[in-house]
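Residue-level structure breakdown
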Amino acid sequence: MPLYGLMQDRPLLISSLIEHAARFHPDVDIVSRLPEGGTHRTTWAGIRRDACRIAHALKQLGVGEGERVGTLAWNSHRHLSMYFGVSGAGSVLHTVNPRLFAEQIEYIVNHAEDQVLFFDITFAPLVEKLAPKLKTVRSYVAMSSREHMPAIDVPQLLCWDELLDAQPDEFTWPEFDERLASSLCYTSGTTGNPKGVLYSHRSTVLHSLMELAPDTFGLNSAETVMLIVPMFHANAWGTPYAAAMVGTRLVLPGPHLDGKSVHELMAQEKVTFSQGVPTVWLMLFQYLDAHPELDPKALGLKRVGIGGAAVSRAMLERFEQQFGAEVVQGWGMTETSPIGVVSKLLPRHAGLDEEALTQVKLKQGRGVWGVDLKLVDDAGEVQRWDGVSRGHLRVRGPWIASGYFKGEGGSPIDEDGFFSTGDVATIDPDGYLQLVDRAKDVIKSGGEWISSIDVENAAMGHPAVAEAAIIGVAHPKWQERPLLIVVPRAGHVVDRASILDFLAARVAKWWLPDDVVFVSELPHTATGKLLKTKLREQFRHHVLPTA
Ligand code: ADP
């Protein structure tokens, strides 16, 4: 007979997070900028009250346990209260990315079988257009006060304020198996249909605990976190849950993500830590470029969390030197909840010179407890952690997806239970993972891989370059050679030769792009990544001067 421990077997439920926040940090601010204009202030106690009201409202609307509730919404106190109210009640919060094409949203909502769709008024025209095609949605809730209700023609249109005001302030959260589904998020699916990643209460709570560790994001009660990463993108990196666990003050920017708005809100609310993908930081930088009278150090920003795409050297240095802020890079994906590795220095790096330190900081990060990493070659052979051997990255752990909703796409798991990420990486002897590329973006020149991330990052260090992307273009001798596509920085003049000279000092000779073209902007995916499929399509017939 196995000898079991005699500890209480309490389920890890999302409702426990909001209960804790409201009990131990009731007065801590939650500040939101609203789609309808203005700034809204509530507290963790207020978020709990609204979460309880949502739970009652779902009962009234006939939404059962395990049934999906969709949102098309920005980061706000309303969306935050749904994070706790919907999952706490035992239903599943389905955060839909409103930046996807309308056809993809239609597919996703129908595939998820959402029963109710909550939406910010920004998306009212989209909702009206989609409603006739949404097969399972019975009611639509505009996340708005009475006075801002959109005049749209959809069945069962309800007003957030009216719906919530009619509900009691207290709700007794049900207790259930921690492995039950809590939220659902579809990957953007640049090829094929989006696939649903279905998180559980257990995976969410464990992932939140990890985010509190000082060696990861170190969330705590002394911090004011501005959450720029959208709440429709991989649970906003899990921060809403982790913040509730420790009563972090949250600042939610709503739809106002342009450089000026972000800067204003950071200054006004004295933000100490902010999380977002590189593209939002580039927008902030552009605003600051145009306003040299503003001193970024005056913001008092201590740390920035960056993930979703690689942090360039230029970005790292700008945050460190001009803002006086530490950059905490993370790698992950929707399927990994999303944190897989986090970049933090080790005590033994203390003596390194500036350049060596920068090289460490530019790596995506080290494994955190809970995530096992593995590299394999094309034949499935395990690769060494020597910082040089490249391989397909596979990960395993209690907050890594085991499959997709309704079994779409087959099993992504290998014989040892590892999930195939689709990324190519190296891992060094200290366990620092460095991303080479997404496998589908890899440029293969004469059978060897060129890391587009390295070349793009190097190019972005050029003082006249705002953004850069590199893609492979057909070449008669080498099969593929790199083409660099550059967005010049406002007010700068730049030419091909100056960029190639700059790169020649920074990347291997055979990685140098065969050509450079200039564009006014680059296409991005709905989650802010370079849309390389579109670039490859656009430059398919580009003739390289070396061809
Ligand atoms: P999408 O829905 O666009 O696929 P994900 O967030 O799931 O959004 O994307 C995950 C991918 O983003 C990873 O597989 C990886 O290629 C890329 N990525 C995430 N973090 C980083 C990072 N720090 N550096 C480079 N690439 C990253």
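Every chain begins its residue count from 1, and numbering advances along the sequence as written. Residue-level local features of this predicted model are given only where pLDDT is at least 70; pairs of side-chain atoms are given and counted only at 80 or more, and the full residue set underlies all totals for whole chains, interfaces and linings. Side-chain calculation: all heavy atoms of the structure are included, whereas hydrogens and water are not.

Overview of the overall build of the protein
- Under the DSSP-based scheme used, a helix requires at least four consecutive residues in state H or I and a strand at least two consecutive residues in state E, with every element numbered from the N terminus. Looking only at helices and strands, one finds 16 helices and 25 strands in the protein.
- Here the globule rule reads 2.2 Å times residues to the power 0.38, and the radius of gyration is calculated from C-alpha atoms. Expected size for 547 residues packed as a compact globule is a radius of gyration near 24 Å; at 24 Å, the protein falls within 12% of this value.
- Its C-alpha atoms put the protein at 70 × 65 × 50 Å along the principal axes.
- Expressed as a percentage of its 547 residues, the buried residues of the protein come to 60%.
- The contacts in the protein between residues at least 6 apart in sequence include a share of 68% that link residues at least 24 apart.
- Every accessible area reported is derived by Shrake-Rupley at a probe size of 1.4 Å, with residue values counting cover from the shown protein chains alone. Of the roughly 22400 Å² of accessible surface on the protein, a fraction of 53% belongs to carbon and sulfur atoms.
- Charge convention: Lys and Arg are scored as positive, Asp and Glu as negative, and His as well as the terminal groups of each chain are ignored. All charge positions are set by atom: Lys at NZ, Arg at CZ, Asp at CG, Glu at CD. Here the protein contributes 52 positively and 65 negatively charged side chains, and the mean placements of these two sets differ by 1 Å. Buried means the residue's accessible area, taken with a 1.4 Å probe over protein chains only, is under 20% of the maximum for its type, while exposed means over 50%, and partly exposed covers the values in between. Contacts were defined at the residue level, with two residues in contact if any of their heavy atoms lie within 4.5 Å.

Observations regarding the pattern of salt bridges
- One speaks of a salt bridge when a side-chain nitrogen belonging to Lys or Arg is within 4 Å of a carboxyl oxygen belonging to Asp or Glu. In this structure the tally under the stated criterion is 35 salt bridges.
- Linking D29 and R249 is a salt bridge whose minimum nitrogen-to-oxygen distance equals 3.1 Å. Here D29 is found in strand β1 (residues 29-33), whereas its partner R249 is found in strand β11 (residues 249-252), with 220 residues between them in sequence.
- Judged by relative accessible area, D29 falls into the partly exposed class, the value being 24%.
- You can call R249 buried: its relative accessible area is 17%.
- Residue R536 is joined to D441 by a salt bridge in which the shortest nitrogen-to-oxygen separation is 3.1 Å.

Looking at the packing of aromatic side chains
- Here a Phe, Tyr or Trp ring, Trp counted by its six-membered ring, pairs with any other such ring whose centre lies within 6.5 Å, and the pair is stacked when the planes are under 30 degrees apart, edge-to-face when over 60, and tilted otherwise. Evaluation of the coordinates by the stated rule reveals 14 aromatic pairs.
- Put simply, the rings of W44, Y83, F84 and Y241 pair up and form one aromatic cluster.
- We call a charge positioned above a ring when the Lys NZ or Arg CZ atom is no farther than 6 Å from the ring centre and deviates by at most 35 degrees from the ring normal. Sitting over the face of the ring of Y432, R366 holds its NZ or CZ atom 5.6 Å from the ring centroid.
- The cationic tip of R506 hangs over the ring face of F502; the distance from NZ or CZ to the ring centre is 3.6 Å.

Some remarks on the site of the ligand
- The criterion for a residue being near a molecule or strand is simple. One of its heavy atoms has to lie within 4 Å of it. In the vicinity of the ligand there are 18 residues, among which S188, G330, T334, D423 and T527 approach most closely.
- We define a polar contact as two N or O atoms separated by no more than 3.5 Å, with the added condition that, inside protein, one atom must be a possible hydrogen donor and the other a possible acceptor, whereas residues neighbouring each other in sequence contribute only through side-chain atom pairs. At 3.0 Å from a nitrogen atom of the ligand is found a main-chain nitrogen or oxygen belonging to G308.
- T527 places a side-chain nitrogen or oxygen 2.7 Å from an oxygen atom of the ligand.
- Surface burial for the ligand is 94%, taken as the share of its 580 Å² of free accessible area covered by protein chains.
- At the level of secondary structure, the elements contributing two or more residues to the shell around the ligand comprise β14 (326-332) and β20 (432-438).
- Of all the elements, β14 adds the most residues to the shell around the ligand, at four residues.
- Taken together, the residues that form the shell around the ligand break down as five nonpolar, 10 polar and three charged. Three classes are used: nonpolar for Ala, Val, Leu, Ile, Met, Phe, Trp, Tyr, Cys and Pro, charged for Asp, Glu, Lys and Arg, and polar for all others, with Gly counted as polar.

Topic: helix α13 (residues 354-361)
- Within the sequence span of α13, burial applies to L357, T358, V360 and K361. Down the axis, α13 shows its buried residues gathered within 160 degrees of arc, on one side only.
- The inward-facing, buried residues of α13 contact α12 (313-323), β14 and β20.
- By the N-cap criterion, in which a side-chain oxygen at the helix start approaches the backbone nitrogen of a residue two or three places on, α13 is capped by D353, the distance to E355 being 3.1 Å. By arc we mean the arc of the directions from the helix axis to the C-beta atoms, nothing more.

As for the sheet that holds strand β5 (residues 116-119)
- Pairing between two strands is assigned when DSSP locates at least 2 bridges connecting them. With mixed pairing, seven strands are arranged side by side in an open sheet as β7-β6-β5-β3-β4-β8-β9. At either margin of the open sheet sits one strand with a lone partner, and together these are β7 (157-159) and β9 (196-200). Strand-to-strand, the axes of this sheet are offset by a mean angle of 25 degrees, without reference to chain direction.
- Judged from the four bridges that link them, strand β3 (residues 68-72) and β5 form a sheet pairing that is parallel. For V69, the partnering residue across the bridge sits in β5 and is V116.
- Running at roughly 75 degrees to β9, helix α7 (residues 201-212) makes contact with β8 (181-186) and β9 of the sheet. Lines are fitted to the C-alpha atoms to define the axes, a helix being fitted only along its stretch in contact, and any angle between axes, read from their N-to-C directions, falls within 0 to 180 degrees.

Examining the sheet that holds strand β24 (residues 479-488)
- Pairing is mixed across the open sheet formed by three strands, whose spatial order is β23-β24-β25. The open sheet has two edge strands with one neighbour each: β23 (465-475) and β25 (515-518). Each neighbouring strand pair of the sheet contributes to a mean axis angle of 25 degrees, computed without reference to strand direction.
- Note: β24 against β25, four bridges, orientation parallel.

A closer look at the domain arrangement of the protein
- The split of the chain into domains comes from an automatic or database domain assignment. Looking at the protein, the domain boundaries give domain 1 (15-25 + 40-205), domain 2 (368-440) and domain 3 (443-538).
- Taking only C-alpha atoms into account, the centre of domain 2 sits 26 Å from that of domain 3.
- Contacts between the two partners involve nine residues from domain 2, matched on the other side by 11 residues from domain 3.
- Buried area between domain 2 and domain 3, both sides added, is near 740 Å², and the carbon and sulfur share of it is 47%. Joining two parts hides part of their accessible area as seen by a 1.4 Å probe, and the buried area is that hidden amount summed over both.

Some thoughts on the packing of α12 against α13
- Here α12 crosses α13 at 115 degrees, and the two axes come no closer than 11 Å. It follows that α12 is roughly perpendicular to α13 by the angle criterion. For the element pair α12 and α13, the recorded crossing hand is right-handed. Contact with α12, carried on its side by R313, L316, E317 and E320, involves E355, T358, Q359 and K361 of α13 and no other residues of that element.
- Classifying every residue of the contact of α12 with α13 gives one nonpolar, two polar and five charged. Should an angle lie under 35 degrees it is considered roughly parallel, over 145 roughly antiparallel, and from 65 to 115 roughly perpendicular; all remaining angles are considered oblique. Throughout, a crossing is termed right-handed when the near helix is turned clockwise from the far one, and left-handed when it is turned anticlockwise from it by less than a right angle.

Quick notes on the state of the cysteines
- Only a pair of cysteine sulfur atoms within 2.5 Å counts as a disulfide in this structure description. All chains considered together, the criterion is met by zero disulfides.
- Looking at the unpaired C52, the closest cysteine sulfur is the one in C159, lying at 20 Å.
- For C52, a relative accessible area of 0% puts it in the buried group.
- The exposure class assigned to C159 is buried, which follows from its relative accessible area of 3%.

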